[in-house]
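Structural description and commentary
Listed below, chain by chain, are the residues.
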Amino acid sequence: MSKSSTATVRQSPVRDIATSAGGLRVHGETIAVQSAGRIDLHDVTDQVMSLVHGAGVREGFVNVWSMHTTCAVFINEHQRALVADMKRFLEEMVARDADWLHNDPQHSDCDRSNADSHLRAMLLGHSLTLQISGGEVVLGQWQRILVAELDGPRARTLRVQVMGVA
Amino acid sequence: MSKSSTATVRQSPVRDIATSAGGLRVHGETIAVQSAGRIDLHDVTDQVMSLVHGAGVREGFVNVWSMHTTCAVFINEHQRALVADMKRFLEEMVARDADWLHNDPQHSDCDRSNADSHLRAMLLGHSLTLQISGGEVVLGQWQRILVAELDGPRARTLRVQVMGVA
Amino acid sequence: MSKSSTATVRQSPVRDIATSAGGLRVHGETIAVQSAGRIDLHDVTDQVMSLVHGAGVREGFVNVWSMHTTCAVFINEHQRALVADMKRFLEEMVARDADWLHNDPQHSDCDRSNADSHLRAMLLGHSLTLQISGGEVVLGQWQRILVAELDGPRARTLRVQVMGVA
């Protein structure tokens, strides 16, 4: 079982200063994620990078959007031990059984009893906007794009849209 | 009193893959929000969508920005029961009366005693960047753009800027 | 010792409605931040504004990205008293010594014992996307761009990328 974190490697370093001008190109696609547990973290960095490589944008932005209220997207290190800590922290920070109105049939027509999932997603956020430079996503060495399943297991969809100079 | 959540409906589904090129168009406007309580959540999805429909951008991004430190913007489901849960959670997570220095005239010239409002906003965030595809905002079925008043009641301003291919 | 917060001043107010079209310009640069404590907040608003002034973009977006997993970027008021409150809150919200697996050599090859730093960054976020209008960053009067060092003291790098109409 690996104790190490996944490193993010670019083929070429980000240039100190990069300026470009030209025609605008916008390209959008979806990425599918299948979660395995109720709370579950996935590293989608390689999928986003590969989509960016194919989108033909050299300098610009890429937005990664979770299409679900109880599925979040955020940046952190990807290491088995830290993933366990993040799951534990998310579980401890929001009590699952705290008489939430969203879980009470008298007040809510939702039958998933997932108020805690909504509250956790509220703290993590549902999207990221990253920079593209030299045709690659700008990320630090240990930064990975993580998807947090907060009410799984389920099939989830991310939409990824790239915009910039071709 | 409705137990249901507001659904987000597009006139046409997001296309699987959408690629566009062309001239860049940038359009910005403000949206006014009047809050009613000290902590108060507002659904501004329809206002943002309508602004995007009028902006004449088919593929691109839209940024929604709260112009205030104690007013946040985030994504979640909009249902009366869940809104009550979110308010309760925000209130429990940050103690209002915890000897914050920002509330102490010896250390601060702020007379609103709103340290808790600042700390809650720090967790939720002040802005969102969403995708536009096919002329519409890309949102999941239950995703709504929510504004969190954290030190109301007050008149608040959001700035919304659209950028993309006309 | 000042009790006041730093105000954000534009040379001209944001226009109510601003629409532009034209060629796309993308410009990226880095900003260096040297932190002094383990948890430490820095106001980089003036540096981001100055970079935007030099980038030659009149209407568009600017993205501010922390290149590190334990260094966050967010919006709040910059006042000495409130900064102390924010540091206290971050320290209280995540226990430093809670048997995190990321700090345990049996499970992790990280020797910084900084699980708490990762968890705090997860809540604050690593980036911001702001609007540019009239050549200036769109910010409310008390809004400042803050960098949160969460595992310092260290030399940190932000990447800032501007995209819009020249």
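These remarks concern the structure in this document. Since the structure is predicted, the reported quantities are computational estimates derived from the model, not experimental observations.

In this section: the overall build of chain A. Helices and strands together make up the secondary structure of chain A, namely 3 helices and 9 strands. Ordering the α and β elements of chain A from the N terminus gives β-β-β-α-β-β-α-α-β-β-β-β. In terms of principal-axis extent, the alpha carbons of chain A reach across some 55 × 35 × 25 Å. Considering chain A as a whole, with its 166 residues, one finds that 61% of them fall into the buried category. The contacts of chain A with a sequence gap of at least 6 include a subset with a gap of at least 24, amounting to 85%. Across chain A, the mean location of the 16 positive side-chain charges is 6 Å away from that of the 19 negative side-chain charges.

The 6 strands are arranged S7(B)-S6(B)-S4(B)-S9(B)-S2(B)-S1(C) in an open sheet whose pairing can be described as antiparallel. For this open sheet the edge positions go to strand S7 (136-137) of chain B together with strand S1 (18-22) of chain C, each flanked by a neighbour on one side alone. Of the pairings in the sheet, the one linking strand S4 (residues 59-66) of chain B to strand S9 (residues 155-165) of chain B comprises 8 bridges and is antiparallel in character. Residue pairing across strands places Ser66(B) opposite Leu158(B), the latter belonging to S9(B). On top of the sheet, helix H1 (residues 45-55) of chain B reaches strand S2 (24-34), S4, strand S6 (127-133), S7 and S9 of chain B; it is set at about 150° to S2(B), its chief contact.

The next point concerns unusual backbone geometry. Residue Gly152(A) is joined to Pro153(A) through a cis peptide bond whose omega torsion reads 0°. Along the chain, the position of Pro153(A) falls in the loop between strand S8 (144-149) and strand S9 (155-165). Phi at Asp99(C) is positive, roughly 55°, even though this residue is not glycine. Relative to the assigned elements, Asp99(C) resides in the loop between helix H2 (80-93) and helix H3 (115-124). The exposure class of Asp99(C) is exposed, given its relative accessible area of 71%.

For the rest of this paragraph, the subject is the state of the cysteines. By definition, a disulfide links the sulfur atoms of two cysteine residues through a covalent bond. Residue and element names in this part refer to chain B. One pass over the structure, following the stated rule, counts 0 disulfides over all chains. Here Cys71 is not cross-linked by a disulfide; its sulfur's nearest cysteine counterpart is in Cys110, at 16 Å. On the basis of relative accessibility, which here comes to 1%, the residue Cys71 falls in the buried class.

All right, on to empty space enclosed by the protein then. Taken as a whole and assessed by the stated rule, the structure comprises 1 cavity of 30 Å³ or more. Approximately 570 Å³ is the volume attributed to the largest cavity. In terms of residue class, the lining of the largest cavity is built from 23 nonpolar, 12 polar and no charged.

What follows concerns the packing of aromatic side chains. Scanning all chains against the criterion turns up 3 aromatic pairs over all chains. Ring centres of Trp100(A) and Phe89(B) lie 6.5 Å apart, and the angle between their planes is 70°; on these two criteria the pair is classed as edge-to-face. On the criterion of chain membership, the pair formed by Trp100(A) in the loop between helix H2 (80-93) and helix H3 (115-124) and Phe89(B) in helix H2 (residues 80-93) is interchain, its members lying in two chains. Accessibility expressed as a relative area gives 4% for Phe89(B), which makes it buried. The ring of Trp100(C) has Arg88(A) sitting right over it, with the charged end atom 4.3 Å from the ring centre.

The next point concerns the relation of the copies chain B and chain C. When chain B is fitted to chain C, the residual RMSD is 0.0 Å, and the transformation amounts to a turn of 120° plus an axial shift of 0.0 Å. The relationship between the two copies is best expressed as a three-fold rotation axis.

Of the residues lining the interface, 49 residues belong to chain A; the matching set on chain C comes to 39 residues. Summing both sides of the interface, chain A and chain C together bury roughly 3600 Å²; the carbon and sulfur share of this comes to 59%. Taken as a group, Phe61(A), Phe89(A) and Gln131(A) account for 18% of the area that chain A buries against chain C, more than any other trio of residues on that side. Inspection of the chain A/chain C interface yields 0 salt bridges. Among the elements of the structure, strand S1 (18-22), strand S4 (59-66), strand S5 (71-76), H2, H3, strand S6 (127-133) and S9 of chain A are those that each provide at least two residues to the side of chain A that touches chain C.

With an RMSD of 0.0 Å, the fit of chain A onto chain C corresponds to turning through 120° and sliding 0.0 Å along the axis. With a heterologous cut-off of 20% or less, the 12% of interface residues of chain A that recur at the interface of chain C puts this contact in the heterologous class.

With that out of the way, let us pick up the environment of Glu29(B). For Glu29(B), the location among the structural elements is in strand S2. It is 16 Å that separates the C-alpha atoms of Glu29(B) and Ile145(B), two residues lying 116 residues apart in sequence. Setting aside residues up to four positions removed in sequence, Glu29(B) forms contacts with Leu51(B), Leu158(B), Arg159(B), Val160(B), Asp16(C) and Ile17(C). Of note is the side chain of Glu29(B), whose polar atom sits 2.9 Å from the side chain of His27(B).

Basis of the calculations
Residues numbered from 1 in each chain as written. Chains lettered and ligands numbered in written order. Predicted model: local features only at pLDDT ≥ 70, side-chain atom pairs only at ≥ 80, totals over all residues. Heavy atoms only, no water. Helix = DSSP H or I, 4+ residues; strand = E, 2+ residues; numbered from the N terminus. Buried < 20%, exposed > 50% of the residue type's maximum accessible area, 1.4 Å probe, protein only. Contact = heavy atoms within 4.5 Å. Lys, Arg positive; Asp, Glu negative; His and termini not counted. Charge placed at Lys NZ, Arg CZ, Asp CG, Glu CD. Pairing = 2+ DSSP bridges. Axes fitted to C-alpha atoms, helices over the stretch in contact; angles between N-to-C directions. Disulfide = S-S within 2.5 Å. 1 Å grid on protein atoms, 1.4 Å probe; cavity = no way out; pocket = protein on both sides within 12 Å on 5 of 7 lines; lining within 4 Å. Points joined across faces, edges and corners; volume = space filled by probe spheres on them. Nonpolar A, V, L, I, M, F, W, Y, C, P; charged D, E, K, R; others polar. Phe/Tyr/Trp six-rings, centres within 6.5 Å; stacked < 30°, edge-to-face > 60°. Lys NZ or Arg CZ within 6 Å of the ring centre and 35° of its normal. Least-squares fit on C-alpha atoms with pLDDT ≥ 70 in both. Buried area = accessible area lost by both parts, 1.4 Å probe. Salt bridge = Lys/Arg side-chain N within 4 Å of Asp/Glu carboxyl O. Polar contact = N/O pair within 3.5 Å; in protein donor to acceptor, adjacent residues only side chain to side chain.

In short, the description is geometric, and any link to function would need to be established separately.
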